[in-house]
Amino acid sequence: MDALTTPFLTGTATGAILLMAALGLTLTFGQMGVINMANGEFLMAGAYAAYATQQLIGNAGLALVVAIPVSFLVAGLLGLLLEVSIIRWMYQRPLDTLLVTVGVALVLQQLAKDVFGAQGDPVVLPSWLNGNIPVFGYNWPFRQLFTIVLALAALGGLSAVLKYSTFGRRIRATVQYRDLAETLGIPTRSVDRITFFLGSGLAGVGGVAIALISGTNPTLGTTYIIPAFLVVVAGGVGQLKGTVIAAWVVGVVTAFLTDWTSGSMAQVLTFALVVVFLQVRPQGLFTVRTRSLA
Amino acid sequence: MTTTTATATTTASSRPKAAQLLGTYGSLVAIALVALVLLVWAPNSLSPFRLGNLGKYCSWAMAAVGIGLAWGRGGMLVMGQGVFFGLGGYTMAMHMKLEAAGPGGIPDFMTLYGDGTMPGWWAPFRSAPFTLFAIIALPAAVSFLLGYAILKRRVKGAYFAILTQALAVAFATLLIATIKQTGGFNGLNTFSTVFGHNLYDPGVKKGLYLVSAALLIVFLVIVWQFNRSRYGELLIATRDAEERVRFLGYDPANVKLVAFVAAAIMASIGGAIFAPIAGIISPSNVDAAASVMMIAGVALGGRSALLGPALGAIAVGFGQSTLSERFPTGWTYFQGGLFIVVIMFLPAGLASLWPKVKSLLPGRMSPQAALVDGENGA
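Being a predicted model, the structure only gives us computed values, none of them experimental.

1. With respect to the overall build of chain A
Here is step 1: If you tally the helices and strands in chain A, you get eleven helices and two strands.
Here is step 2: Along the chain direction, N to C, the helices and strands of chain A fall in the order α-α-α-α-β-β-α-α-α-α-α-α-α.
Here is step 3: Projecting the C-alpha coordinates of chain A onto the three principal axes gives extents of approximately 55 × 45 × 35 Å.
Here is step 4: Classification of the 294 residues of chain A by burial places 54% in the buried group.
Here is step 5: When contacts within chain A are restricted to residue pairs at least 6 apart in sequence, those whose partners lie at least 24 apart make up 77%.
Here is step 6: Carbon together with sulfur atoms contributes 67% to the accessible area of chain A, which is approximately 12,500 Å² in total.
Here is step 7: In chain A, the 15 positive side-chain charges and the 10 negative ones have mean positions that sit 13 Å from each other.

Pasting the structure below:
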């Protein structure tokens, strides 16, 4: 039983982090065609924001509660800054945004190295997160459960915003038909900016979860960005449910493969599985049906 | 884009013969100039150390020429060329390790990290002809399989780029994990001979450089011929209007696949010459970061120009070794800034400045000029 529950639960937690990283990617890609390679660095920024909050406040429990909105804001504002300074000039050339944001990612990583040092910093767990819960004989760390709760909360919040708020309606309208939305008076440019802010902010919240599980590190973004993109590729663009399912599946499958083979072999096999999966569904799990040829 | 190209070609055909010849063979003259610098000037003027460095840059430039073909001309952003560079590099390095170990011997690191037995798949690489064959066949097979799987299902644009980068990440992770078979993080190093020639002999070092530079020139000529062939036209057509090409009865996937496989082979040969010149091949030469570095050179020089990728890669290689020694942290900022500035303001690279300079000079713009402004159709 243990051989099944351990990878399943750990994988679900990894999937939760991947989900928070991938939500921003799928939002910006689905709406604007922008591929933001710096999204991994927004995770990193969120993790460091959590670390800095803890240094300032001291009380680990209170710090964590404060860190979640702080990380959301820090990463979100970084994303907004990126949109305003660089991305908005590049909407005509979506593939090039990939390379520009690679440059941004390099700069942000080096910046983190210079400010916080090349070595990672540990984040102290609040006492109420330090325990385990026994699940079928496996002592499941509380912080993994917390990660899943955090991801579900982020997902719930995002879905609610998209479904019920005016912002959300505008975002959906822009994704579905930008020109028509514009004709109806929706300021699509500022909608783009808000989407960028939301997506980057969610990555920041994901950063808090990473900080709790493995501490901070200037290069942690590079560890998550590729799996997060594989999630987007496999999940399909423009709909949340595909991303959710793909994140969960990629997380769990990677965990099982790690358990059966090794961490690095699991990475290779996951990649191979995504390529094979694309043979069956080249557009990903779910996709918005269009009549376009592309 | 299509209309400007068409008008440029019509004006070219109504031109006097001399100008037309220069338009067609001007690129060959430029290649000849590069050849003169790399093959005649450099070996006679540079110190052996600098010549070795230039040899490394040339090996990166070979990969860059391939990227120029796949990305600049084909619209496929290949972010994992380090994998193919590594396939060639590791193949060559395995052969050199076995040469250093002597007949029947096994590479030193295997006794150091492992139990002193050699995995069976190493054995064929004792043979020099097999190694040379594998340097071309391995990347061709891998890129064909992957390219066929991805391109036939019409996965393109960003998806394609992400998948190639994921391949580079997976490849480097696999290398690091298999320390007993591939030397792990340290890679393969401490070679003594290459195909029987002593690597420490100054003459052999110079010879390796000349091979590297000469191969680069050969690749440039091949790509030049590629570009002016029917296939070259088809590749650009696929980049700019894939659906129209499909409606004309071609399969765009096949067109792209050829460019992808050619780019992989070029990168592999670059890697194979890199290993003996640098004396090492390690995961850091082939991972996602190294692959991105190769892209940087291509973007700087001009992705769809003939000489742009090669010269850009040499410039970035030079910049890396001079700047990173003096300002280790500054280099990363510089590299990141280079991406941002070049892609934002000079999407067709430094090569796009050339027609502007040329139009100021007496005479006309070459028909190639219209092709220089790079679009990314994918």
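2. A look at the overall build of chain B
Here is step 1: The helix and strand tally for chain B stands at 18 helices and four strands.
Here is step 2: Counting all 378 residues of chain B, 54% fall into the buried class.
Here is step 3: Sequence-distant contacts in chain B: of pairs separated by 6 or more residues, those separated by 24 or more amount to 78%.
Here is step 4: Of the roughly 15,800 Å² of accessible surface on chain B, 69% is carried by carbon and sulfur atoms.

3. Brief notes about the confidence of the model for chain B
Residue and element names in this part refer to chain B.
Here is step 1: Per-residue confidence for chain B gives a mean pLDDT of 85, with 90% of residues at or over 70.
Here is step 2: Ranking the elements of chain B by mean pLDDT puts helix α18 (residues 369–372) last, at 44, and helix α12 (residues 252–278) first, at 95.
Here is step 3: Low confidence marks residues 1–13, where pLDDT is under 50. Its contacts with residues over four positions away, or in another chain, come to 15 contacts.
Here is step 4: Note on residues 364–378: pLDDT under 50 across the span, and 42 contacts to partners over four residues away in sequence or across chains.

4. What about the pairing of strand β1 (residues 132–135) of chain A?
Residues and elements named next belong to chain A.
Here is step 1: Note: β1 against strand β2 (residues 138–141), four bridges, orientation antiparallel. Its bridge partner being in β2, Val 135 is matched across the sheet by Tyr 138.
Here is step 2: In textbook terms, the turn of a hairpin is the stretch between consecutive antiparallel strands, and for β1 and β2 this stretch comprises two residues, one of which, Phe 136, has a positive phi near 45°.

5. Some thoughts on the interface of chain B and chain A
Here is step 1: Each partner contributes residues to the interface: chain B has 42 residues there, and chain A has 42 residues.
Here is step 2: Here chain B and chain A share an interface that buries about 3,600 Å² over both sides, 77% of which is from carbon and sulfur atoms.
Here is step 3: Of all residues in chain B, Tyr 159, Ile 162 and Tyr 333 of chain B give up the largest surface area on contact with chain A, accounting jointly for 19% of the area buried on that side.
Here is step 4: Summed over the shared surface of chain B and chain A, the result is one salt bridge.
Here is step 5: Note that Asp 96 of chain A is salt-bridged to Arg 303 of chain B, the shortest N-O span being 3.3 Å.

6. Focus: the environment of Ile 87 of chain A
Here is step 1: Topologically, Ile 87 of chain A is positioned in the loop between α3 (60–85) and α4 (94–116).
Here is step 2: Along the sequence, Ile 87 of chain A and Phe 136 of chain A sit 49 residues apart, while their C-alpha atoms lie 48 Å from each other.

7. Describing empty space enclosed by the protein
Here is step 1: Within the structure shown, the criterion is met by four cavities of 30 Å³ or more.
Here is step 2: Considered as a void within the structure, the largest cavity measures approximately 60 Å³ in volume.
Here is step 3: The wall of the largest cavity is formed by Ala 50, Gln 54, Ala 60, Ala 63, Leu 64, Ala 67, Val 123, Val 124, Pro 126, Val 208, Ala 211 and Leu 212 of chain A.
Here is step 4: Only α2 (39–57), α3 and α8 (188–214) of chain A provide two or more residues apiece to the lining of the largest cavity.
Here is step 5: Examining the composition of the lining of the largest cavity, we find that four residues originate from one element, α3 of chain A, more than from any other.
Here is step 6: What the second largest cavity holds in volume is close to 40 Å³.
Here is step 7: Around the second largest cavity, the lining residues are Val 65, Gly 68, Leu 69, Arg 73, Val 223, Asn 227, Arg 303, Ser 304, Ala 305, Leu 306 and Pro 309 of chain B.
Here is step 8: Put simply, the parts of the chain that give the lining of the second largest cavity at least two residues each are α3 (48–73) and α9 (202–228) of chain B.
Here is step 9: Top contributing element to the lining of the second largest cavity by residue count: α3 of chain B, with four residues.
Here is step 10: Counted by class, the lining of the second largest cavity contains six nonpolar, three polar and two charged residues.

Cut-offs and rules
- Residues numbered from 1 in each chain as written.
- Chains lettered and ligands numbered in written order.
- Predicted model: local features only at pLDDT ≥ 70, side-chain atom pairs only at ≥ 80, totals over all residues.
- Heavy atoms only, no water.
- Helix = DSSP H or I, 4+ residues; strand = E, 2+ residues; numbered from the N terminus.
- Buried < 20%, exposed > 50% of the residue type's maximum accessible area, 1.4 Å probe, protein only.
- Contact = heavy atoms within 4.5 Å.
- Areas by Shrake-Rupley, 256 points an atom, 1.4 Å probe, with all protein chains shown as cover.
- Lys, Arg positive; Asp, Glu negative; His and termini not counted.
- Charge placed at Lys NZ, Arg CZ, Asp CG, Glu CD.
- pLDDT = per-residue confidence, 0-100.
- Pairing = 2+ DSSP bridges.
- Buried area = accessible area lost by both parts, 1.4 Å probe.
- Salt bridge = Lys/Arg side-chain N within 4 Å of Asp/Glu carboxyl O.
- 1 Å grid on protein atoms, 1.4 Å probe; cavity = no way out; pocket = protein on both sides within 12 Å on 5 of 7 lines; lining within 4 Å.
- Points joined across faces, edges and corners; volume = space filled by probe spheres on them.
- Nonpolar A, V, L, I, M, F, W, Y, C, P; charged D, E, K, R; others polar.

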